[in-house]
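Okay, here's what each chain looks like letter by letter:
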Amino acid sequence: MAAKNIFGEPQNKNLSFSDVKINKSAGEVIKANSTRFAVPWTTAGGSIGVFDIGKPGKISAPRLVKAHKQPVSCLDWNPFNDNVLASASRDPEIKLWRLPEVPLPADVTDAALTLPGHAKRVTSLTFHPQANNILLSTGGDNAAKLWDIGKGEVAVDFTAHPDAVNSGCFGINAQILTSCKDGRFRLFDVRAPTTEIASQMPHESVAKGFSGVWLGQSTNFATVGWSKGSDRQVAIWDSRKATKPCTVQTIDVSSSALSPVYDADLCVLYLVERGTKTFMYEVVKSDPWITAVGKFEAKSTQSGATMLPKRVCNVMNCEVSRWLYATSNDGVDVVSFFMPRKDKTIFQEDLFPPAECGEPAVSASEYLSGKAIVPMTKSLRPAGVKSVYELSEEDGGRSRARDQMRHLGNAPEAASDGSSAAGGKTQIFSEGNLMLAVEGFLWNSWQEAYLSIQGRTLYVFQNKDAAVPLVSIPLDVKTDTGLARPVDDEPTQLEVAVCQNGKLVGRRVFKANNSADRNSWILSINQAQEQALIAPRASEAQSSSSTSTSSSDRVTDDDSSASSNVNYHLNGYLLKYTEGYFWNSWQRQFFSVDGGVLKMQASDSATEVTESILLDKVTSIYEASNIENANFCFKIATPTRTWTLQAPDDETMQKWISTLEAVSRSLKAAKADDGDEDAADIDDDNTSSNVVEGYLSVKTGLWSMWSRQWVTGVKTEVLTFKNATSSEPTRRIPLNQVKTIDISDKDVELAFMIRMIDGTTHHFTAQVRSERDEWLSALQEMRTNMQGTVDMLDALTIDLTQLSTVQLKAIEDALKNVIDPNKVKAGGQPLLLRINAGKRFVRATCVALNLSSLNLDSILILDLGAQLIQWNGTKASRMQKAKAMDVTTRIRQKERGGNCVLHVIEQGSPEEDPSKSNPAKLFWQHVNGGKFVSQEQMNAAVLSDIEKDDIVKLYRVSDKKVSLIHQGKPPSKDRLNSKLTYVVESGPMVMVWNGKSSTKEAKKLALHTAQVLQANILKSGSSFSMVLRLMENGETTLWKECFRDYPGELPISMQRQSLVSNISGRKDQKPIDIARMHSEERPAAARTFSTAGGRVQVWRVDDYHKTPLPEALYGHFWSNQSFLIRFTYKEGNSDRVILYFWQGRGSSINEKGASAYLTKELGDENKEVESKHVRVPQGFEPTDFLAVFGNKFIVHLGPYKEKWNTVDALFGVRGSTELDSYPHEVPIKSSSLHSHHAFVLYSTKGKSFVWIGKQANDAESSRARELGASWSATTITEGNETDEFFATLGGKQGYTPNASARYQPKLFTFSGVSGTVECNQEFEVCQDALNARCVHVLDMGPSTVYVWFGASSGVQDKKIALQAAVDYVLQSKLGHNKDSTKLVVTKAGCESELFKSAFRSFITTSTNPVWEQPLSEVQKEYLRDVYSYAELISDDLPAQVDRTKLEIYLTKEEFEKLFHMTKEAYDALPHWKQLNTKKAIGLY
């Protein structure tokens, strides 16, 4: 979901609890499920109070659970049984309680189950949210325990904690996250509990501790703690790369602890403090990771809070979460959080996906065995209500596909390459080769084609490398049958329907190799069509090893689980360079990134896509800085063509480049993951920003003539063009086919040549030698650093034909120093490791087991299986020692299961003498035949040069290809693919890794590659080289040392879900104070500073950025825009800064949010000067703000327009003072005129006018004349208008002079949000003061009083407001009279021109007819409280009837006749029985 705007709102006070004697010193002070909540009670010992959420009020002498002898420290409810509660204390026993009745009829003392096991205080208890009978406990005894409560025993014991464990939580599948008192988090797998997967200190302040929470069904988790400076922080971590956080954000400075709670449905992280604040953050799975979306501040201090299951929320009111807050004054309050949506009549399914239904997904044994978990979910959609996904986007609906981005679902089997289905079995294809029928003049022919299903489109290409499709066939088209069908009497042919705007416009015919492939393609296309129309439900989106999805689908999955800055729906206008027959030109087109496709259209409203580029086929994207007479240009290169595009500014250009590059990189990585070795291999350290280009002389043609051409070298190839803007390359030189790049032997000063493997040579000449040298250097570096495309067979002199005749055992026998991990573990093969301080990294490598490997600045680790002996050289650094500790710990715990002893020997210490230490004796025996070498002797000895190069080479091996895919610092382990085999070369080490799905041929070629690499190492003069063979999931520490992010094997599930009822009630209604409505006056506006000598700067918010406003437009604002204003003034001798962010009425929610964020950024630019931030909604401008601009403040309609004076406009001027009588644009029509105010009509063609209404005041008249003078306007008064004046307004229709006396309108708001309907006056009578959830009374003077019904206003609010309006007229002393004053009811979207005239500027897009009714008639209907059964079941049910409680409107006699019971007996029924009873008679 996009960025959110969430707000919290306390529910009615009569839903709260009082006199709840909570023990606030407990670790957890409140826990709740859907029906009950429990709190530790403040009595002697450890008692627990348990109460029904639906029965609020004062708690008096409750019955308690007498749980423990010591105070209760923590508790938790079973998520699958509302009657089961777990508790723990300082005893330190854990007890489980079965509580069938609440309130408790008597004190409970007998526990259903007691779990002894902890030696010290239990610090936290957590039930698994999806696994049955699994309970996690942590304690002060340095332990975390996983209990199987079905068996009543400890299932898993996590003992690798050096200090007390403060808390724990469940991760995805079998992961556990713990928080330890030593300030570190630890990750565990329940199947290997003695070994931590990762351990890290998430925050600097150890003493204050931290809390952690897993982020739903993702691989990420969050921690909350403090910095050294007491800054509260939140950090996001990727469990697969937990060495450093993805991001750390500072919240504020405070000592109060924050408790994290995660809502996986909305991806919202709540941080609740022991204080008054609750922070809300939206969590995403790429940069920026988290974004603040709201903050709730309670009126009273809270000591704890608990979130109720999602299934209790009022989904139709967009209540996204409901909480119980334990307050410091012994209360428990109900707080709801909402996400505003306009239409409350449809189910907002994007906010409420299927939620956890309270049923376990796996059993305890299945969970402990590591079975992947798919949460059990249930739709929250009420019966008979339309989903937002069932409406068109024009009608306010949403695209499910765009929200979920999962276009291809589960498939029986997968063949992403389109190969034949074995044995005629139907498969699912996402791409592959077919023949395309091409219509000719006389006959049809067949053309080779490559098909690719990408999300909602089937693309047909000329070949696999082509990036621009020949045909694009939409899949999201509703048809009676599938788009694809077989061709009659042709067993291998199929035809696919092509539709535009829902209409069939043609068919494309294809031919497969056989009937099985034909059937597979028909199934694949039709299934893709189905998934394009209806996105898969979460419960169906299970991955399987045989499922094939399109590349665009993979991009979405990668983006949701990996660190990526990809914006998959970027769009906007760019200029495209187009080559014409006579001349070339720049054409403005609308570009959009949709999944993995860049689409081009004539405009943003056009439906036809003129051109598409599949981004996984793009070879390079780079900035083009040498285009003549054009700035901000960039190029997109494919194997067949290059596009030159121009952005409006540098920021936009960089955004497009980074986005396209990231999408392309993700798509290619996804293909490589599926074993597509032709897909470019992606490396984070090698991006396409490394580009060299310019004009060179190039030898071309049969006669080897020289011509000046534009040459581009980028990443994988060298391209030549006629000029810098040409789109078709004249030559393409792939760097993976280059043999050498050298200085030309014919012109050593200026020329160079590129020799290809096939024997051809390309010649280039520069103008100066320095330019030639730059080209040589750049191309050599590109060739060296090019990833995934360098075939090493020739370089390694490997002959595949000869290799096919060699037996595998012969290769194995030829290898030297082959390391067998099992022999090393058993002690039969001693191994010597050295910790080297390389140029950039500290790593462990394997070295020769002799004296030559020792050096004063190294650390040696002798691995003897059951013993590890670590020898520290005197000059070894602290970083080396830390690395040595890490390596030995991993070997001992992960490889030896803790069955290994470590001995540390410091050089120069007595323990180094073999006569005094047995470990020293063993060390010198293996290293130097038992002879001890002292430090002095070692200093005098001549030792071999220590290899400190930290370069790692990674080779990828398939059946017939060896590719060097990485050379440099340690790569990511994500480069490994289970379908392939890899060889690592690092110093003297050569290691072979066999993927679990790799072929025998690949394993054989990999082993032979290792043989060749080892021979080359030994030939180079090295005296030692070793070979290590590994299988996937059997990686050793040595192997992992060659990668930068090896956290261990983790099971991953991409699903996530979570869960929602209503708690309602009202206070006693107090009478509305009518006298206050008449007497209350607007507070005097006070100036707080002087604007004299002040400096003002203005920016407009433009696409999340601030753009300076031209000074000539200072004071001009637009209603569809937001603006930032910085005003600097003097206070004494000091500068003071006030930052305003003005938000136009039509400004988008995102833009308003950006204005607040940019204001904060603006204030942070100069922290030396204190700044005050003030939000200014349109129509609510304070006096200070208006004084900044003086008589220059003016508000225009619509979006920002720098040349606003190019169209006619009408400005109204209304107010009571010179400052607030500012011009505001109104619709240019006669009906906008009002006798009480002044107007200025600006005309671009004819005469401009100042129009003064008969009852306009002096301030309005003066301001209007002042504005009109700047346009040389003619002043006219009401009644003296000319024909030219009304002609400019489009005629006189709609204008009605107002003869009533001038009267300042008064607006009142009636709202029942607090539980009782209250009335408050709105002193700013502007359109934004009207609230759709409220009822308003508008006093327009003695002539008319309106009652305005908001679209979502409540029945009680309407009743109270109707009667208040009547009383207001009756008690008036301002000229109102019950006989002459019209009391009128209107509703939102149906207002008359008279009603609108009371507001400064009333803009509406509604086309509804005016709706006005006499108040007396409306009130009569609303006072009615009895309806017949026939009326209640009719379709035309009155709006004021509560549809959820239809039974209350029946008479006593009709109720008993229908229900066969009295109302009292019905009220005593449980809620579910009441519902079933109502359903049976149709009152539901």
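Everything discussed here concerns the structure shown above.
Because the structure is a prediction, the values reported are computed rather than measured.

Thresholds, definitions, all that
Residues numbered from 1 in each chain as written. Predicted model: local features only at pLDDT ≥ 70, side-chain atom pairs only at ≥ 80, totals over all residues. Heavy atoms only, no water. Helix = DSSP H or I, 4+ residues; strand = E, 2+ residues; numbered from the N terminus. Core = buried A, V, L, I, M, F, W, Y, C linked by side-chain atoms within 4.5 Å. Buried < 20%, exposed > 50% of the residue type's maximum accessible area, 1.4 Å probe, protein only. Salt bridge = Lys/Arg side-chain N within 4 Å of Asp/Glu carboxyl O. Phe/Tyr/Trp six-rings, centres within 6.5 Å; stacked < 30°, edge-to-face > 60°. Lys NZ or Arg CZ within 6 Å of the ring centre and 35° of its normal. Axes fitted to C-alpha atoms, helices over the stretch in contact; angles between N-to-C directions. Parallel < 35°, antiparallel > 145°, perpendicular 65-115°, else oblique. Left-handed = near helix turned anticlockwise from the far one by under 90°. Contact = heavy atoms within 4.5 Å. Nonpolar A, V, L, I, M, F, W, Y, C, P; charged D, E, K, R; others polar. Polar contact = N/O pair within 3.5 Å; in protein donor to acceptor, adjacent residues only side chain to side chain. Pairing = 2+ DSSP bridges. Right-handed = clockwise from strand over helix to strand, strands pointing away. Patch = residues over 30% accessible without salt bridge, like charges linked within 9 Å, V, L, I, M, F, W, Y side chains within 5 Å. Areas by Shrake-Rupley, 256 points an atom, 1.4 Å probe, with all protein chains shown as cover. Lys, Arg positive; Asp, Glu negative; His and termini not counted. Charge placed at Lys NZ, Arg CZ, Asp CG, Glu CD.

## Examining unusual backbone geometry
Comment: phi is negative for the bulk of residues other than glycine, and the bulk of peptide bonds are trans. Residue Pro92 is reached from Asp91 by a cis peptide bond, and omega for that bond is 20 degrees. With respect to the element layout, Pro92 can be found in the loop between β9 (84-89) and β10 (94-98). Across the junction of Val102 and Pro103, the peptide omega takes the value 5 degrees, indicating a cis bond. A positive phi angle is found at Asn133, which is not glycine, with a value near 65 degrees. Tracing the backbone shows Asn133 in the loop between β12 (122-127) and β13 (134-139). Of note, the phi angle at Asn142 is positive, near 65 degrees, even though the residue is not glycine. Position of Asn142 among the secondary structure elements: in the loop between β13 and β14 (144-148).

## Observations concerning the nonpolar core
Counting 39 residues, the largest nonpolar core has Ile1125, Tyr1140, Trp1142, Phe1185 and Phe1193 as its most contacted members. One finds Ile819, Val824, Cys900 and Trp1039 within the second-largest nonpolar core, a separate group that totals 36 residues.

## Some points on the pattern of salt bridges
Two side chains that carry opposite charge are able to pair once their charged atoms sit near each other. Tallied over the full model, the rule gives 42 salt bridges. The partner of Asp76 in a salt bridge is Lys31, with the nearest N and O atoms 3.4 Å apart. Placement of Asp76 in strand β8 (residues 72-77) and of Lys31 in strand β3 (residues 31-32) is noted, with a sequence separation of 45 residues between them. The exposure class of Asp76 is buried, given its relative accessible area of 11%. What makes Lys31 buried here is its relative accessible area of 18%. Each member of the salt-bridge network shares a partner with another, and the members are Arg232, Asp252, Glu273 and Lys277.

## Digging into the packing of aromatic side chains
Tallying each qualifying case throughout the model produces 60 aromatic pairs. On the numbers, 5.3 Å between centres and 65 degrees between planes, the contact of Phe1459 with Tyr1466 is edge-to-face. Classification of Phe1459 as buried rests on a relative accessible area of 5%. Ring-pair connections join several aromatic residues into one group, and the members of that group are Phe1117, Trp1118, Phe1123, Tyr1140, Trp1142, Phe1185, Phe1189, Phe1193, Tyr1200 and Tyr1222. The side chain of Arg708 reaches across the aromatic face of Tyr695, ending 3.9 Å from its centre. Lying across the ring of Trp1411, Lys1387 places its NZ or CZ 4.9 Å from the centre.

## Side note on the packing of helix α20 (residues 1355-1370) against helix α22 (residues 1415-1422)
Viewed as axis vectors pointing N to C, α20 and α22 meet at an angle of 140 degrees, and their least axial separation amounts to 10 Å. Classified by the interaxial angle, the pair formed by α20 and α22 is oblique. Handedness of the α20/α22 crossing: left-handed. Along its contact with α20, which presents Val1355, Lys1358, Lys1359, Leu1362, Gln1363, Ala1365 and Val1366, the element α22 presents Leu1415, Val1418, Gln1419 and Tyr1422. Along the lines of polarity and charge, the residues of the contact of α20 with α22 split into seven nonpolar, two polar and two charged.

## Observations concerning the side chain of Lys310
Its location among the elements puts Lys310 in the loop between β28 (302-307) and β29 (319-327). Looking at Lys310, its side chain comes within polar contact range of the side chain of Asp263, at 3.0 Å.

## Regarding the pairing of strand β60 (residues 901-906)
Sheet topology note: the strand β59 (residues 867-872)/β60 ladder contains six bridges and is parallel. Following the sheet pairing, Gln870 is matched in β60 by Val904. Following the chain from β59 across helix α10 (residues 878-895) to the adjacent parallel β60, one finds a crossover that is right-handed.

## As for a negative patch on the surface
Residues Glu623, Asp649, Asp650 and Glu651 make up a contiguous surface patch of negative charge. As for its placement among the helices and strands, Glu623 is situated in strand β44 (residues 620-624). Exposure remark for Glu623: the relative accessible area of 38% places this residue in the partly exposed category.

## A closer look at the pairing of strand β45 (residues 633-637)
Across the five residues of β45, five count as buried, placing the element largely inside the fold. Burial of β45 is two-sided: the residues Cys633, Lys635 and Ala637 facing one way and the residues Phe634 and Ile636 facing the other way are all buried. As judged from the five bridges shared by β44 and β45, these two strands associate in the antiparallel manner. Residue Glu623 lies in a different strand from β45, and its bridge partner there is Phe634. As paired elements, β45 and strand β46 (residues 642-646) share five bridges and run antiparallel to each other.

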